[in-house]
Amino acid sequence: MAAQVLSLLRDVSRLEAPLEELRALQSMLQSVPLSELREHAAELRLGPLFSLLNENHREQTTLCVSILERLLQALEPVHVARNLKVDLQRGLTHPNDSVKILTLSQVGRIVDNSDAVTEILNNAELLKQIVYCIGGENLSVAKALIVEISSVSPESLNYCTTSGLVTQLLRELTGEDVLVRATCIEMVTSLAYTHHGRQYLAQEGVIDQISNIIVGADSDPFSSFYLPGFVKFFGNLAIMDSPQQICERHPVFVEKVFEMTESQDPTMIGVAVDTIGILGSNVEGKQVLQKTGTRFERLLMKIGYQAKNASTELKIRCLDAISSLFYLPPEQQTDDLLRMTDSWFSSLSRDPLELFRGISNQPFPELHCAALKVFTAIANQPWAQKLMFNSPGFVEYVMDRSVERDKASKDAKYELVKALANSKTIAEIFGNPNYLRLRTYLSEGPYYVKPISTTAVEGAE
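About the cut-offs
Residues numbered from 1 in each chain as written. Predicted model: local features only at pLDDT ≥ 70, side-chain atom pairs only at ≥ 80, totals over all residues. Heavy atoms only, no water. UniProt positions renumbered as here; feature names shortened; annotations may be inferred. Helix = DSSP H or I, 4+ residues; strand = E, 2+ residues; numbered from the N terminus. Buried < 20%, exposed > 50% of the residue type's maximum accessible area, 1.4 Å probe, protein only. Contact = heavy atoms within 4.5 Å. Lys, Arg positive; Asp, Glu negative; His and termini not counted. Charge placed at Lys NZ, Arg CZ, Asp CG, Glu CD. Patch = residues over 30% accessible without salt bridge, like charges linked within 9 Å, V, L, I, M, F, W, Y side chains within 5 Å. Areas by Shrake-Rupley, 256 points an atom, 1.4 Å probe, with all protein chains shown as cover. Salt bridge = Lys/Arg side-chain N within 4 Å of Asp/Glu carboxyl O. Polar contact = N/O pair within 3.5 Å; in protein donor to acceptor, adjacent residues only side chain to side chain. Phe/Tyr/Trp six-rings, centres within 6.5 Å; stacked < 30°, edge-to-face > 60°. Lys NZ or Arg CZ within 6 Å of the ring centre and 35° of its normal. Axes fitted to C-alpha atoms, helices over the stretch in contact; angles between N-to-C directions. Parallel < 35°, antiparallel > 145°, perpendicular 65-115°, else oblique. Nonpolar A, V, L, I, M, F, W, Y, C, P; charged D, E, K, R; others polar. Expected span 1.5 Å × (residues − 1).

Going by the annotation in an unreviewed UniProt entry, the name recorded for the protein is 26S proteasome non-ATPase regulatory subunit 5, with Catagonus wagneri given as the source organism. One UniProt comment on the protein, placed under Subunit (unreviewed entry), says "Interacts with PSMC1, PSMC2, PSMD1 and PSMD6. Part of transient complex containing PSMD5, PSMC2, PSMC1 and PSMD2 formed during the assembly of the 26S proteasome." What UniProt records for the protein under Function (unreviewed entry) is the sentence "Acts as a chaperone during the assembly of the 26S proteasome, specifically of the base subcomplex of the PA700/19S regulatory complex (RC). In the initial step of the base subcomplex assembly is part of an intermediate PSMD5:PSMC2:PSMC1:PSMD2 module which probably assembles with a PSMD10:PSMC4:PSMC5:PAAF1 module followed by dissociation of PSMD5."

Shown next as structure tokens:
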């Protein structure tokens, strides 16, 4: 099949108006596996197809875009960056949007590939052209690409800022259109994942502007469109920089997260729960939450309530946040922090261990795994081991392999057993016989099936 594709490509390059050949090529490509095309990547001559895009012929352009979308997937991003630079530059200024989107998606592949992106970054002129070409576009894919390019290095961010593109993005972030604002905050959050991106946002006063918009959100009837994204931005910022500094400098962020957990809107509750999980994923963040005192205890009670009563999707998000909040690496287990997680656990519900066991018994693998993850998060903390040991049937539940039916559940149970077995305090708390059972489970692996013993009966056929 690939040989026929190559033959049709040669025909297309020889003819002036190869409509029939293009139709045949498009049809044939639908049945040729990508792996087969990749084997012949070196023979794919795409120049003639790009040339045909320059003619003002609608069907021809549509066919060429469709064919190129498929064939370009067979080429490595490095090959595209090295050999199709001129074609990409032309594509970025093409009057047809589908050609621009095709070209932008290829630039996106290049930016995502560490080897290919150096081809652009080492060629200042080409990078400038790409940035300025994209600058003429109001396509959201173009904006997302600008953020990707800006994130690569301080130099690439510099090109994007001098072109005015990042400034335009930031203007829209604080503009009146709430839907555009919601899209922009996602892109700005991506930029904040890099150190140079965060520095730039702080210097330009963007972080303070976002904080001020959160302050004003109470009086904006449309705030529900963008508020979740703005809160997520601060959650990510806190965990990448310093939870304490961010929360002290922008108290409205923490205030808004607490407020959102009181909401009747599951979307708002979900974002608040996710953000609490992110914020509490390291010790500094946990201490920031602890400082809010009884407010945080009440919030934990709400998360415990939602974990039991919300929709399946929100239950899983609550369980994931609980896992994140309660995990303490062994080297950080000071007496104070262990007292804190113990106290938090009892705030979740009247009998949290039973609550999570009940959830894990529901016939949904995702819920089962999320509940096991909670047990795994606390499994290396002595107070939790005592709770587990004293809870009737809990040790047997951990050892029982028949509970888990699917691979994900077996893997999740194995992680729990591993966390318990590798803890320094487990033998003392669970007792040696149980400790040895955990070690046996561990050595047998997650998918072990006990052989069924067959007893021979005399005289049986």
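Next comes the rest of the write-up.
(A) The overall build of the protein, seen in detail. Helix and strand counts for the protein stand at 31 helices and zero strands. Taking all 461 residues of the protein together, 50% fall into the buried category. Of all intrachain contacts in the protein linking residues separated by at least 6 positions in sequence, the fraction that spans at least 24 positions is 68%. The average position of the 43 basic charges and that of the 56 acidic charges among the side chains of the protein differ by 3 Å.

(B) Representation of a nonpolar patch on the surface in the model. Together, L179, F222 and F225 give the surface a local cluster of nonpolar side chains, amounting to about 330 Å² of exposed area. Inspection of the secondary structure puts L179 in helix α14 (residues 178-191). For L179, a relative accessible area of 52% translates into the label exposed.

(C) The side chain of K413, seen in detail. With respect to the helices and strands, the residue K413 is situated in helix α29 (residues 407-421). Looking at K413, the relative accessible area reads 0%, which means it is buried. Engagement of the side chain of K413 in a polar contact is seen with the backbone oxygen of V398, the distance being 3.3 Å.

(D) Main features of the packing of aromatic side chains. Following the criterion strictly, the structure yields 14 aromatic pairs and no others. Arranged with centres 5.5 Å apart and planes meeting at 75 degrees, the rings of F233 and F234 form a pair that is edge-to-face. Of the two residues examined, F233 and F234, each falls in the buried class. Taken together, the ring pairs connect F296, F326, W344, F345, F356, F375, W383, F394 and Y397 into an aromatic cluster. Sitting above the plane of the Y226 ring, R181 keeps its charged end 4.6 Å from the centroid. Taking the ring centre of F258 as reference, the NZ or CZ of R295 above it sits at 4.7 Å.

(E) View of the environment of K424. Tracing the backbone shows K424 in the loop between α29 and α30 (426-430). Judged by its relative accessible area of 86%, K424 falls in the exposed class.

(F) Broad picture of the packing of helix α12 (residues 154-162) against helix α13 (residues 165-173). Viewed as axis vectors pointing N to C, α12 and α13 meet at an angle of 70 degrees, and their least axial separation amounts to 4 Å. When the axis of α12 is compared with that of α13, the two are roughly perpendicular. Along the contact surface, α12 presents L157, C160 and T161, while α13 presents L165, V166 and T167. Split by residue class, the contact of α12 with α13 holds four nonpolar, two polar and no charged.

(G) A look at helix α24 (residues 335-348). Between the first and last C-alpha of α24 there are 21 Å, a value that for 14 residues agrees with the 20 Å anticipated at 1.5 Å per step. By the burial criterion, the buried members of α24 are L337, L338, M340, T341, W344, F345, S347 and L348. Looking at the buried side of α24, the elements it contacts are α21 (283-290), α22 (294-309), α23 (312-326), α25 (352-360), α26 (365-378) and α27 (382-390).

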